[in-house]
Number of protein chains: 2
Amino acid sequence: MPSVDATRTFADRLDRVRAAMADHGVDVALLSVGADLPWLTGYRAMPLERLTMLVVPADAAATMFVPRLEVPRVVPRGEVFDVVGWDETADPVSLVAAEVGAARTVAIGDQTWARFLVDLLAALPGASWRRASTVLGPLRAVKDEAEVEGLRRAADAVDRIAAELQAGAIPLIGRTEAEVSSDLARRIVAEGHEHTNFAIVAAGSNAASPHHHPSDRVIQVGEVVLCDFGGTYPLDDTGVGYCSDITRCVYTGEPPVEFAELYGVLQHAQSSAVQAATVGTPAADVDAVARGLIDAGGYEGLFIHRLGHGIGVEEHEDPYLVDGNDDPLVAGNAFSIEPGIYVEGRWGARIEDIVVATADGPLSLNRADHGLAVVEA
Amino acid sequence: MPSVDATRTFADRLDRVRAAMADHGVDVALLSVGADLPWLTGYRAMPLERLTMLVVPADAAATMFVPRLEVPRVVPRGEVFDVVGWDETADPVSLVAAEVGAARTVAIGDQTWARFLVDLLAALPGASWRRASTVLGPLRAVKDEAEVEGLRRAADAVDRIAAELQAGAIPLIGRTEAEVSSDLARRIVAEGHEHTNFAIVAAGSNAASPHHHPSDRVIQVGEVVLCDFGGTYPLDDTGVGYCSDITRCVYTGEPPVEFAELYGVLQHAQSSAVQAATVGTPAADVDAVARGLIDAGGYEGLFIHRLGHGIGVEEHEDPYLVDGNDDPLVAGNAFSIEPGIYVEGRWGARIEDIVVATADGPLSLNRADHGLAVVEA
């Protein structure tokens, strides 16, 4: 891990946020729960009804309003922001509104709770509102060296779990999807993550549902088991963590030829999309590469979601690799490449890596084997 | 668990929501992430950038807009709402706006992501916005028999863990706060919860910070260890879970007389507040009972947070027991009673139970011993 002076990192990010605010004509940014705040300050707001909000005026010092009893959780970064604790019976929205003052264009953190925005609408009747992601999204989407290293460590950790899965070291047959999901969740933490974010386990026909919720269905001999899992891995110094996200499929016994064919088309589509994810290529074009190969392989219409999402402090962030997003990839973008083929009522498969666009070409952080592993009872 | 017809439960709740909307002059309610949606439909939206939103017009059928690939997660409840899957490249905000139509007063779920409200502000320029909690909060705050049973099961589960803590069966001395927190988190799931929501472990002077984040500080002989933990316990039939939340303190060795005195005052304040939590009593008055006894006991100003919060599908919900909330408690209200005394730089203590206001008086769901347990090395 490159050693970084965390406060300097945050101060530099704040400078870049202010420059982007100027470019977008934003007078003040308001950041609360979600990933913008930890990326900019190292502090993750408690997702509760007591408001935490960082007020970033374009031309004055930033102030973080924090519930008084949560102030001890905040690591002070004097150069970057002031901390103001608000008392249990105070109205934090009026404190924020006073700090915003006469600002006309206000950007608010995408995941801020609507209850606070509803109150701010009343407190700041003249303001016009923007998503803060229009300002911060493009900045967060370009990872620096330390951030890529954080993503790499996270990827290495889930690669080790994927290898165990493929080696048959994680029992599948006879266990429920939910049991395997819990097992994966425990391993994600054991491999060094702060916490597990999700662990999808979908067996047999459940694999046709991309966001399947692990159930009490017992895994049988002779079916596909799709595992899609990730967590947040700590990056020292800043107190901010970076996410992992990987999908691999195994088959409990010899797969039917028909499934092997499907998997072969999918694997080719996935690796081709990784190779296509070069700096300067529009995000939508990378999606189109995988989609075209899947359609041409005889599975038209069965790749029912976008190709991928950016990843960093958050599991899903800019850039999105989806039809309609013509923004070209830039060096430092990190994103998933995860095509899937889903046959309703029968089976499904998905292969996912985290990839970084670099000047030297696409760099896949996940290196676990991409083939269809066969595990025996 | 009383057997319930889940769909009938949800249909009944929807009727009551519509009646409350009429009382509040709300034309349409929009519910997304957060607890309103599962309470009303049994479905918990994925907290991601793809919008899930239930549109409840005052006088027409309710419609849930769901990302197409998440539609298989939704248990259909035909009487209660229709399901519309939106495609990966569609704009869900415009779908919702079309369904809202010319409605003038719109209530939006408190935890909905601000990015969607920002987009809706642009799509519905004539609308006036309210927090959905003004409509749903008072309804959700009155628990029915099955909900109280759900809370009771959750409370029983954490009571068993508290008893183990007090019996010295959970090692403390020589472990870090973070290790004990992980241990508690594991036990919360092992005792039947779906997932752990939090597990605060604060030792020695860290116990003076009510929302302390468990650290690498190693627990020593001769200090207080404050543990505040809870999770979500499944309530069968509806697919909705109910929360636990308990705080107990133990001392690693004989406590000093000064701490025992502090604890005695706290315990008296806590039990007195429980007894004061009768139907018809203003919420603020219950807070005042505990605060008055702590102040009179010589700890004026050291109880630095509100007395408690409602609990149900969510860890924190209406009613809040805090100065300024003069709403009288009603039968079926469930809430925490959790006074604390915090001496900065030295130590702190808190005792917390979940209590239900009933026609027969306050009913404490937590029954783990309230005294200061002494655990030896």
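Above this text you will find the structure in question.
About the cut-offs
Residues numbered from 1 in each chain as written. Chains lettered and ligands numbered in written order. Predicted model: local features only at pLDDT ≥ 70, side-chain atom pairs only at ≥ 80, totals over all residues. Heavy atoms only, no water. Contact = heavy atoms within 4.5 Å. Buried area = accessible area lost by both parts, 1.4 Å probe. Salt bridge = Lys/Arg side-chain N within 4 Å of Asp/Glu carboxyl O. Polar contact = N/O pair within 3.5 Å; in protein donor to acceptor, adjacent residues only side chain to side chain. Helix = DSSP H or I, 4+ residues; strand = E, 2+ residues; numbered from the N terminus. Phe/Tyr/Trp six-rings, centres within 6.5 Å; stacked < 30°, edge-to-face > 60°. Buried < 20%, exposed > 50% of the residue type's maximum accessible area, 1.4 Å probe, protein only. Lys NZ or Arg CZ within 6 Å of the ring centre and 35° of its normal. 1 Å grid on protein atoms, 1.4 Å probe; cavity = no way out; pocket = protein on both sides within 12 Å on 5 of 7 lines; lining within 4 Å. Points joined across faces, edges and corners; volume = space filled by probe spheres on them. Nonpolar A, V, L, I, M, F, W, Y, C, P; charged D, E, K, R; others polar.

### Thoughts on the interface of chain A and chain B
With 36 residues of chain A at the contact, the number on the chain B side is 36 residues. When chain A packs against chain B, close to 3,400 Å² is buried across both sides, 60% of that on carbon and sulfur atoms. It is Leu69, Arg131 and His211 of chain A in chain A that bury the most area against chain B; as a group they hold 19% of the surface buried on that side. For the pair chain A and chain B, the interface holds six salt bridges. Arg131 of chain A is paired through a salt bridge with Asp119 of chain B; the nearest N and O atoms lie 2.3 Å apart. At the surface where chain A touches chain B, the tally comes to 18 residue pairs in polar contact (both at pLDDT 80 or more). Among the elements that take part in the side of chain A that touches chain B, helix 4 (residues 114–123) of chain A stands out by supplying six residues, more than any other.

### Things to note about the packing of aromatic side chains
All names here are of chain A. As enumerated under the stated definition, the model contains six aromatic pairs over all chains in all. Ring geometry for Tyr251 against Phe259: centres 5.1 Å apart, planes inclined by 55°, an arrangement best described as tilted. Per residue, the accessibility class of Tyr251 equals that of Phe259, and both read buried. Grouped by ring-pair contacts, the aromatic residues Tyr251, Phe259 and Trp347 constitute a single cluster. Here the guanidinium or amino end of Arg346 rests over the ring plane of Trp347, the centre of that ring lying 4.1 Å away.

### Focus: empty space enclosed by the protein
Under the defined criterion, the tally for this structure stands at two cavities of 30 Å³ or more. Roughly 50 Å³ of volume is contained in the largest cavity. Around the largest cavity, the lining residues are Ser32, Val33, Ala45, Met46, Pro47, Leu48, Arg50, Leu51, Thr52, Thr112, Trp113 and Phe116 of chain B. The residue makeup of the lining of the largest cavity, split by class, is eight nonpolar, three polar and one charged. Here the second largest cavity defines a volume of roughly 40 Å³. Along the walls of the second largest cavity sit Ser32, Val33, Ala45, Met46, Leu48, Arg50, Leu51, Thr52, Trp113 and Phe116 of chain A, which together make up its complete lining.

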